[in-house]
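Here's the letter readout for the chains.
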Amino acid sequence: MALFYLWLCSTPRTGNLQFATSAVSAPASSPNLVFTTDLPTSVSEADVVLIAVNTPTKSHGRGAGEATDMAAFEVVTELVSRHANPGTIIVEKSTVPCRTAKLLAIHRPGVHFDVLSNPEFLAAGTAVADLLHADRILIGSSNTPSGHRAAAALASVYASWIPQSRIITTNVFSSELAKLVANAMLAQRISSINSIAAVCDETGADVDEVARAIGADPRIGRQFLRAGIGFGGSCFKKDVLSLVYLAETLVLPEVADYWRAVIAMNEFARNRFVSRVIKGLNNTLAGKKVTVLGYAFKKDTNDTRESPALDIIRSLAEEGPKEIAIFDPLCIPAQIMDEVSGFAGLRALQSRGGRVAVYADAYAACQGSHAVLITTEFDEFKNTPSERTLEHL
Ligand SMILES: NC(=O)c1ccc[n+]([C@@H]2O[C@H](COP(=O)([O-])OP(=O)(O)OC[C@H]3O[C@@H](n4cnc5c(N)ncnc54)[C@H](O)[C@@H]3O)[C@@H](O)[C@H]2O)c1
Ligand SMILES: O=c1ccn([C@@H]2O[C@H](COP(=O)(O)OP(=O)(O)O[C@H]3O[C@H](CO)[C@@H](O)[C@H](O)[C@H]3O)[C@@H](O)[C@H]2O)c(=O)[nH]1
């Protein structure tokens, strides 16, 4: 079966394939993974076309700041439907709003294409392991004989390495919605535990102990109860907002408000962290150096999209410190500097004699610092401070 995958995990800024820290091995045989820009030929030779282009939050127009921007997805589906042979199975791999399979015209006059929803559940930093050992594969199809045949054909691709029991088939709208809901529920857990962290700080309870205690109940479970500076990444915020927008368009304002609160709590967690830092430094950063360890949104990735560190650096800059020092083990310093240079508050900071500096070494970044903030949970930041670290502070 020929599969054409549009577009495979490339990073927006570097264009490099993102297999970051995972080893990839495959038995040597005739080449079965080919990269091409020749869309017409590839699509016309494919039995199945998976569309995995970006679907960010709309930045302008109706629904800006909440709705999903379907521009790239629409362009691609139009091209695919123009070049695909009759009977080709077209798969929504991108995260899309519920009912996309119906609303988006994937057709050519007189030609039938089955459209499947097959959302992706991999997480950044563990992409290859998540692909090889997926806990479930979700395939949504139309409830017709040809829809079921298409779902079975796609399931047969996964069946070569995923046990049949982990392949879930549903109707196409359930599958589209389930992807949004999976992310919304994970984000909601993080916001819930972050709300409890605030209560713990005021009462003397320890949020890690509370999380351990409640997580022992299998109905609650242990995962995604790590309190901190809130969730980042390209998916959670945009997918919760997409759910908010869906609820609004369905005239369900209470539902929209419920999920909007998950985002509000995430922002609260981040602001609370910055407030505690400033308070801990006598309510002023003037003349002080603050070090930020970790710029990526999570460990083992150089993905900085919606990274909590960005917001924290932005807020710190407004306080006018002498220096904000940044170190990240995977992000390229020039890229960090480029992103930070776009902050509105940076010019004001510079005019007050302050600066932002990106270091290639964690120890140098910490040297002479008044506060060291760990904003990404890279393992190398977890070590007990060595004498070398303490000497630098
Ligand atoms: N990143 C993740 O961990 C992850 C996990 C699960 C689901 N998703 C979903 O997968 C989709 C892609 O996410 P991403 O993070 O890989 O986005 P991305 O922005 O990193 O990559 C999207 C790619 O699509 C390409 N593209 C855009 N328009 C195109 C066109 N007309 N023709 C060909 N290629 C085109 C871009 O060049 C880019 O390389 C989104 O819907 C996202 O919600 C992402
Ligand atoms: O207990 C926790 C767990 C995570 N996080 C934060 O949540 C964010 C997201 O983490 P994670 O879910 O591990 O990474 P993503 O790559 O964003 O993966 C999510 O988003 C993907 C894109 O849709 C989905 O495919 C994945 O299933 C889903 O986990 C990160 O900032 C984490 O630091 C916490 O604050 N506390």
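Residues numbered from 1 in each chain as written. Chains lettered and ligands numbered in written order. Predicted model: local features only at pLDDT ≥ 70, side-chain atom pairs only at ≥ 80, totals over all residues. Heavy atoms only, no water.

As recorded in an unreviewed UniProt entry, the chain goes by the name UDP-glucose 6-dehydrogenase, listed as coming from Staphylotrichum longicolle. Among the UniProt annotations of the chain, the heading Sequence similarities (unreviewed entry) holds the following wording: "Belongs to the UDP-glucose/GDP-mannose dehydrogenase family." Recorded under Catalytic activity (unreviewed entry), the UniProt text for the chain is reproduced unchanged: "UDP-alpha-D-glucose + 2 NAD(+) + H2O = UDP-alpha-D-glucuronate + 2 NADH + 3 H(+)". (UniProt positions renumbered as here; feature names shortened; annotations may be inferred.)

Undergrad: Tell me about the UniProt feature "binding site: NAD(+)" (unreviewed entry) in the chain, residues and numbers included.
TA: Using the residue numbers shown here, the UniProt feature "binding site: NAD(+)" (unreviewed entry) corresponds to T55, T95, K238 and R305. Within the secondary structure, K238 sits in helix 8 (residues 236-249). Using a relative accessible area of 14% as the deciding quantity, one classes K238 as buried. Beyond its immediate chain neighbours, meaning those up to four positions away, K238 contacts T55, P56, T57 and T95. A polar contact is formed between the side chain of K238 and the backbone oxygen of T55, at a distance of 3.4 Å. Turning to its location among the elements, R305 is positioned in the loop between strand 7 (289-293) and helix 10 (308-318). Under the relative-accessibility criterion, R305 is labelled partly exposed at 33%. Polar side-chain contacts of R305 include one of 2.9 Å to the side chain of D303. (Helix = DSSP H or I, 4+ residues; strand = E, 2+ residues; numbered from the N terminus. Buried < 20%, exposed > 50% of the residue type's maximum accessible area, 1.4 Å probe, protein only. Contact = heavy atoms within 4.5 Å. Polar contact = N/O pair within 3.5 Å; in protein donor to acceptor, adjacent residues only side chain to side chain.)

Undergrad: Account for the packing of aromatic side chains, naming residues and giving values.
TA: The tally for this structure, following the rule as stated, stands at 6 aromatic pairs. Measuring from ring centre to ring centre gives 5.5 Å for Y158 and W161, while their planes differ by 50°; the resulting arrangement is tilted. Ring centres of Y258 and W259 lie 5.0 Å apart, and the angle between their planes is 90°; on these two criteria the pair is classed as edge-to-face. Here a set of aromatic residues connected by ring pairs shows up, and it is made of F224, F231 and F236. Here the basic side chain of R99 rests over the ring of F173, its NZ or CZ set 4.7 Å away from the ring centre. Sitting over the ring of F343, R314 keeps its end group 4.6 Å from the ring centre. (Phe/Tyr/Trp six-rings, centres within 6.5 Å; stacked < 30°, edge-to-face > 60°. Lys NZ or Arg CZ within 6 Å of the ring centre and 35° of its normal.)

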